[in-house]
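For reference, the chains in residue letters:
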Amino acid sequence: MVLVLAHLAGDFVLLPASWKEKLKGNQIRTTVFWYHLGVHAVLSLFTAIWIGWWALLVAPVVAILHGSIQWGVQRLLSSRPLYAMVVTQLLHLLSLWMVWSVAAGFEVQVDFLQKFSTEKGLLLLMAYLVVWYPLSSFMQVATQRWQQQVPDQGLPDAGKWIGRIERFLILTFILIDQFQAIGYLIAAKSVFRFGDLQDPKNHQRTEYILIGTLLSVSMTLLLGLGVRTLLGMM
């Protein structure tokens, strides 16, 4: 789980917007591509604090696998960014699981430094990172085909931040067993959007908002219910 957190940090939290554009296309020839791999290697090394000395051996393997997956998927699915993103992340998670499985054959010392660094704490941290970063990127790619058809008359990046906060709150409500609050949140959002929704001139914008909201809420519900199930098993 610590390796997954390191991956999320390297692929989303510590990935500047300027790097994202340069990582498209022929990535292997760009300096940013190698910087990106270096960030993942350093983060993997940092996990040695929690999972033991063998992380020092795993770090270069993680970086090589990450770079190979990133480059290969981008080459094969460059014309389908949504599929490329989903396939890339699934392969990254699979590679981390394989690395962990192999490394677990050695003597793994799990010596956490703080009370928060428990399996439950790491799972919660990972869940909130997912709704804040990967799901935000996923929503942007998933709705990209409609973004060009809807004029952006709002504040810069306002929609992204509204979606992030909305998913953060929904996940929190699921974890504290307050599902009715999710309904209140969606209702409140509908009230603020009522003017746009009833204007026939904004028909395309209305559909765009509905698609984004339903997709965002659905993905967060699935994630939250999955996290609740895992927490109950721990």
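Residues numbered from 1 in each chain as written. Predicted model: local features only at pLDDT ≥ 70, side-chain atom pairs only at ≥ 80, totals over all residues. Heavy atoms only, no water.

### Quick notes on the packing of helix H7 (residues 119-132) against helix H10 (residues 158-175)
Each pair of packed helices can be described by the angle between their axes along with the distance between the axes. Where H7 contacts H10, the two axes come as close as 8 Å, and the packing angle between them is 150°. Looking at the two axes, H7 sits roughly antiparallel to H10. Relative to H10, H7 is oriented so that their crossing is right-handed. In contact with Leu124, Ala127, Tyr128, Val131 and Trp132 of H7, H10 contributes Trp161, Arg164, Ile165, Arg167, Phe168, Leu171, Thr172 and Leu175. Taken together, the residues that form the contact of H7 with H10 break down as 10 nonpolar, 1 polar and 2 charged. (Axes fitted to C-alpha atoms, helices over the stretch in contact; angles between N-to-C directions. Helix = DSSP H or I, 4+ residues; strand = E, 2+ residues; numbered from the N terminus. Parallel < 35°, antiparallel > 145°, perpendicular 65-115°, else oblique. Left-handed = near helix turned anticlockwise from the far one by under 90°. Contact = heavy atoms within 4.5 Å. Nonpolar A, V, L, I, M, F, W, Y, C, P; charged D, E, K, R; others polar.)

### Thoughts on the packing of aromatic side chains
Working definition: an aromatic ring pair is given by the centre-to-centre distance plus the angle between the planes. Taken as a whole and assessed by the stated rule, the structure comprises 4 aromatic pairs. Seen in terms of ring centroids, phenylalanine 33 and tryptophan 34 are 5.2 Å apart; in terms of plane orientation they differ by 85°. Their pairing is edge-to-face. Residues tryptophan 132 and tryptophan 161 carry aromatic rings whose centres are separated by 5.6 Å and whose planes lie at 70° to one another, so their mutual orientation is edge-to-face. Of this pair, tryptophan 132 sits in helix H7 while tryptophan 161 is found in helix H10, placing the two residues 29 residues apart along the sequence. Tryptophan 161 gets classed as partly exposed once you look at its relative accessible area, which sits at 41%. Taken together, Tyr128, Trp132, Trp161 and Phe168 form an aromatic cluster joined through their ring pairs. Residue placement shows arginine 145 over the ring face of tryptophan 146; its charged tip is 5.2 Å from the ring centre. A cation over a ring is seen here: arginine 164 above tryptophan 161, with NZ or CZ 5.0 Å from the ring centre. (Phe/Tyr/Trp six-rings, centres within 6.5 Å; stacked < 30°, edge-to-face > 60°. Buried < 20%, exposed > 50% of the residue type's maximum accessible area, 1.4 Å probe, protein only. Lys NZ or Arg CZ within 6 Å of the ring centre and 35° of its normal.)

### A few points about the pattern of salt bridges
Summed over the entire model, instances satisfying the criterion amount to 1 salt bridge. Put simply, arginine 228 and aspartate 177 hold a salt bridge, and the shortest N to O gap is 3.9 Å. Remark: aspartate 177 occurs in the loop between H10 and helix H11 (179-192) and arginine 228 occurs in helix H13 (residues 203-233); sequence separation between them is 51 residues. Residue classification places arginine 228 among the partly exposed positions, given a relative accessible area of 32%. (Salt bridge = Lys/Arg side-chain N within 4 Å of Asp/Glu carboxyl O.)

### Details of the confidence of the model for the chain
Considering every residue of the chain, the mean pLDDT works out to 79; 79% of them sit at 70 or more. Per-element mean pLDDT across the chain ranges from 57 in helix H12 (residues 194-198) up to 89 in H10. A low-confidence stretch, residues 107-116 (pLDDT under 50), is modelled with 19 contacts involving residues beyond four sequence positions or located in other chains. (pLDDT = per-residue confidence, 0-100.)

### A look at helix H8 (residues 134-142)
For H8, the buried fraction is high: 7 of the 9 residues fall into the buried class. Within H8, the full set of buried residues consists of Pro134, Leu135, Ser136, Ser137, Phe138, Met139 and Ala142.

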